[in-house]
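What follows is the residue order along each chain.
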Amino acid sequence: MIAALVILVVEVGNDYLIFIVRGIFIPSLCYIGGIIMLKAFITESDTLYFNSETFTLSTSIDDLNNNIKKENDYSILKKVVINISNNCNLSCTYCYADGGNYGMMNQLMNIDTADKIIDQLVSRRIQCIKRLILFGGEPFLNIDLFVYIIEKLSKNIEIQKIETVTNGTILNKKVEMMINNYHPFLTVSLDGPQLIHDKLRGKGSHRRTLNFIQYLKEIDYENFEVASTYTRMHQILGFQKRGYL
Ligand code: SF4
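Presented here is a report on the structure given in the accompanying data block.

The rules we used
- Residues numbered from 1 in each chain as written.
- Predicted model: local features only at pLDDT ≥ 70, side-chain atom pairs only at ≥ 80, totals over all residues.
- Buried ≥ 20, exposed ≤ 12 C-beta atoms within 10 Å, placed from the backbone.
- Helix = DSSP H or I, 4+ residues; strand = E, 2+ residues; numbered from the N terminus.
- Pairing = 2+ DSSP bridges.
- Right-handed = clockwise from strand over helix to strand, strands pointing away.
- Axes fitted to C-alpha atoms, helices over the stretch in contact; angles between N-to-C directions.
- Parallel < 35°, antiparallel > 145°, perpendicular 65-115°, else oblique.
- Left-handed = near helix turned anticlockwise from the far one by under 90°.
- Contact = placed C-beta atoms within 7 Å.
- Nonpolar A, V, L, I, M, F, W, Y, C, P; charged D, E, K, R; others polar.

**Focus: the pairing of strand E13 (residues 162–166)**
Every regular strand shows the same layout, with side chains that alternate between the two sheet faces. Because side chains alternate across E13, one face comprises the buried residues Ile162, Thr164 and Thr166, and the other comprises Glu163 and Val165, none of which is buried. Pairing geometry for strand E11 (residues 128–135) and E13, over three bridges, is parallel. The partner of Ile133 across the bridge, within E13, is Glu163. One ladder, built from four bridges, connects E13 with strand E14 (residues 185–189); its direction is parallel. Note that in E14 the partner of Thr164 across the bridge is Leu186. Since E13 and E14 lie parallel, the crossover through helix H4 (residues 173–182) that links them has a hand, and here it is right-handed.

Okay, here's the thing in C-alpha cells:
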C-alpha cells in the first residue's frame, strides 16, 4: 500500500491514457496481452475500478459491470461506414481508390441500396450509431442520398456523430444546407500550395477547395479539419511535413 499521488499511464496503441489519483494506492495487478494493468485504486474518498477493456475508471464494481455491458451491447454500433459514391470528380495522382471507384464501375449508390442497408440496421434492432461515416470517392457527388440516409436512419436510430471526407471542390446549395442542418465532421483534403495541389489533384482544384474552406470560415463552422497528403513532390520542392499549408 502506498500513500501518494498516483499517476497511471496506460499504453493504448500509439497513445497513452494518463490517470492522476491522489490517495492511498493498492495496486491489484492483472496480466493481459503482455501489458500489466492496474485494476483498482482506493482514493481518499472512493475506490476507483479500472476497466482494462475501455480504459476508464468507475466508482463501483456495478458501474464497471454496467459499462462493460454497455460496451458489449449489440444494439450500439461504434462505427458504420457507408460508401455512397464509387465515383469522384478528381483523379489525384496518388488516389488510394483508383480515382474513387476502387477498380470497379463509376457509380453512385441508389436509394434502393440505401434502403436495404437501413432496413438491415433497423431489423437488427440497432438503437445507436456512435459514428456514421458517409464515404466515397467524393461523397458530395451523391448529396441527395447523403441527406436521405441521415434523415431516414435518424428516424429509427440515434446517430451521435456524422463524418465525411471530401475533396472540397463541390459546394452548392444542397451541400450548404446539409452542412448547416446536420453539422457533420468534415475532413477536407488540401495538399498545400497551389502549385503542388493542382499538380497532384488537377488544375483549378486548389482554388475550389480553398473556396470551400473559406465558406466554412464565413459561417463560423469549426467542425472540420484539413488533411494533407505529403508526397515526394513536397520533399523535392523543399516543403517540410510540418507547417507547409
Ligand atoms: S479526391 Fe480522393 S477519391 Fe477522388 S481521386 Fe482524389 S484521392 Fe481519389
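There's more to say after this.
**Side note on the pairing of E11**
Sheet analysis places strand E8 (residues 76–83) next to E11, joined by seven bridges and oriented parallel. From the neighbouring strand, Val81 faces E11, where its bridge partner is Ile133. Pairing geometry for E11 and strand E12 (residues 158–159), over two bridges, is parallel. Directly across from Cys128, in E12, lies its bridge partner Glu158.

**Some details on the packing of helix H2 (residues 111–123) against helix H3 (residues 143–156)**
One way to put it is that H2 packs onto H3 with a least axis distance of 11 Å and a crossing angle of 25°. The angle between the axes of H2 and H3 places the two elements in the roughly parallel class. Here H2 and H3 pass one another in a crossing that is right-handed. Of the residues in H3, those touching H2 at Ile111, Ala114, Ile118 and Val122 are Leu145, Tyr148, Ile149, Lys152, Leu153 and Asn156. A class-by-class count of the residues in the contact of H2 with H3 yields eight nonpolar, one polar and one charged.

**Re the environment of Asn142**
The residue Asn142 is located in the loop between E11 and H3 in this model. Taking the C-alpha atoms as reference points, Asn142 and Asn86, 56 residues apart in sequence, are found 9.7 Å from one another. Beyond its immediate chain neighbours, meaning those up to four positions away, Asn142 contacts Ile84, Ser85, Leu108 and Met109.

**A look at the environment of Val165**
You can see Val165 is positioned in strand E13. Residue Val165 is classed as partly exposed on the basis of its C-beta count, with 19 C-beta atoms lying within 10 Å. Taking the C-alpha atoms as reference, Val165 lies 7.9 Å from Leu134; in sequence the two are 31 residues apart. Residues within four places of Val165 in sequence aside, it is in contact with Phe135 and Thr187.

**Points about unusual backbone geometry**
In the segment running from Gly136 into Gly137, the intervening peptide bond is cis, with an omega of 20°. Within the secondary structure, Gly137 sits in the loop between E11 and H3. Despite not being glycine, Asp98 shows a phi value in the positive range, around 50°. Here Asp98 lies in the loop between strand E9 (85–86) and strand E10 (107–108).

Treat this as a map of the structure, not an account of what it does.
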